[in-house]
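Observations on chain architecture
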Amino acid sequence: MKIESITTTTFSWMSPRVSDSAGHSHPGDPHSATMAMLTITADDGTQGFSFAPPEIVRPYVLDAFFRKVMVGQDPFDRERLWQDLVLWQRGSAHQLTERAMSFVEQALWDLIGRKLNLPVWKILGGYRDKVPAYGSTMCGDELRGGLSTPQEYGDFAEKLVARGYKAIKLHTWMPPVAFAPDPKMDVKACAAVREAVGPDIELMLDGYHWYSRSDALYIGKELEKLRFAWFEEPMQEESMSSYAWLADNLQIDVIGPESLGGKYHSRADWVKAGACDILRAGANGVGGISPCLKVANLAEAFGMNCEVHGNGAASLAVIGAIKNCRWYERGLLHPFLDYDQPAPWLNSLVDPMDREGNVQLPARPGLGEDINFAYIEANTISHG
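Throughout what follows, the structure given in this document is the object of discussion. (Residues numbered from 1 in each chain as written. Predicted model: local features only at pLDDT ≥ 70, side-chain atom pairs only at ≥ 80, totals over all residues. Heavy atoms only, no water.)

A tally of regular secondary structure across the protein gives twelve helices and 13 strands. Over its C-alpha atoms the protein spans a radius of gyration of 21 Å, differing by no more than 12% from the 21 Å that the globule rule assigns to 384 residues. The C-alpha extent of the protein, read off along each of the three principal axes, is 60 × 45 × 40 Å. The burial tally for the protein puts 56% of its 384 residues in the buried class. The long-range share in the protein, meaning contacts at least 24 apart out of those at least 6 apart in sequence, stands at 68%. A total of about 16000 Å² of accessible surface is found on the protein, and carbon and sulfur atoms cover 51% of it. Of note, the protein has its 36 positive side-chain charges centred 3 Å away from the centre of its 49 negative side-chain charges. (Helix = DSSP H or I, 4+ residues; strand = E, 2+ residues; numbered from the N terminus. Rg over C-alpha atoms; globule rule 2.2 N^0.38 Å. Buried < 20%, exposed > 50% of the residue type's maximum accessible area, 1.4 Å probe, protein only. Contact = heavy atoms within 4.5 Å. Areas by Shrake-Rupley, 256 points an atom, 1.4 Å probe, with all protein chains shown as cover. Lys, Arg positive; Asp, Glu negative; His and termini not counted. Charge placed at Lys NZ, Arg CZ, Asp CG, Glu CD.)

Here you go:
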């Protein structure tokens, strides 16, 4: 069995989300957007698929890296192919990004699962068949009735609990919101949510700001009073020493790194430095499902949990295979959006949640996505 081709299909869809000037996502008027499906085809006709914004894998990346390394190779030699791509990142990391690596690696896993007629999470280890989800909010905004005040965060949290969530993670206000960032407003939102949901719902805060040490310490101390479960990304993650200092000065669990590059190598340094209490990685951020699994295994060796960043099929594949992850991140959620409506290129959600707050691991082979190929064909813009 050999890889015969690697192609992309770019198609249009109507998105209900807009990005502000800092790149944060918010509800907005539906508008035309684009998505890309990457397809790996083997010589026996087996295919694997993954989805990402088209700017992640440009034609040059397909030709210079993916096709050069992978075409003509056995798709079951997945680790060797991934390591060969890693070598190409030297001097080309600005083109062959971690996200691009993840895009092709996920499609490779999907092909393997479809060939074996097994879900990827079972191939990886099959630890569980369901996982509790936390509701992960969008960033705060200035939309009346949305997430523009602490009270609106509290009101939305009540609705999330009624939906079945047993945990909620807040993303609070960020520039270009007029008053952001503001540590005291962050704390007010956290306090409003705790008051709204009571003592038994687990709460987390993703600071997502480049706060100073003093501001991060202030917020963390207030979160301890509110009995939050973890504190995430309040400072630049490039400053590992700042996180080691913060973890030494707080009782609340500090989680990270999320957006820092360096795959499992940088995360090993964070563990050694005591810069976090819970390790963090996402399949998109560290170069794929396999390196994300390596981060989780690293955390387990040190008696730590690894909370997988982000939603979707790749996250579920990792979570379904490991013990040391408590939650699946479901979102991003907002009062004006219906998360339970699948994207138009999927016939159904890959992560439906029951009334008890649990997400079942997908039973379909591969990554488990039920792809609407007819929609993609009808809305195709280009092939690559």
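Moving on, we come to the environment of Trp-210. Residue position: Trp-210 is located in the loop between strand E6 (202-206) and helix H7 (213-225). Taking the relative accessible area as the measure of exposure, Trp-210 reaches 66% and is therefore exposed. Apart from residues no more than four positions distant in its own chain, Trp-210 is found in contact with Pro-234, Met-235 and Gln-236.

This brings us to the sheet that holds strand E1 (residues 3-19). The strand order across the open sheet formed by four strands is E3-E2-E1-E13, and the pairing between neighbours is antiparallel. A single partner strand is all that each edge strand has here, and the edge strands are strand E3 (47-52) and strand E13 (380-383). The mean angle between the axes of side-by-side strands here comes to 20°, regardless of whether they run parallel or antiparallel. Relative to E13, E1 runs antiparallel, the two sharing three bridges. (Pairing = 2+ DSSP bridges. Axes fitted to C-alpha atoms, helices over the stretch in contact; angles between N-to-C directions.)

Honestly, it's all geometry; don't read function into it.
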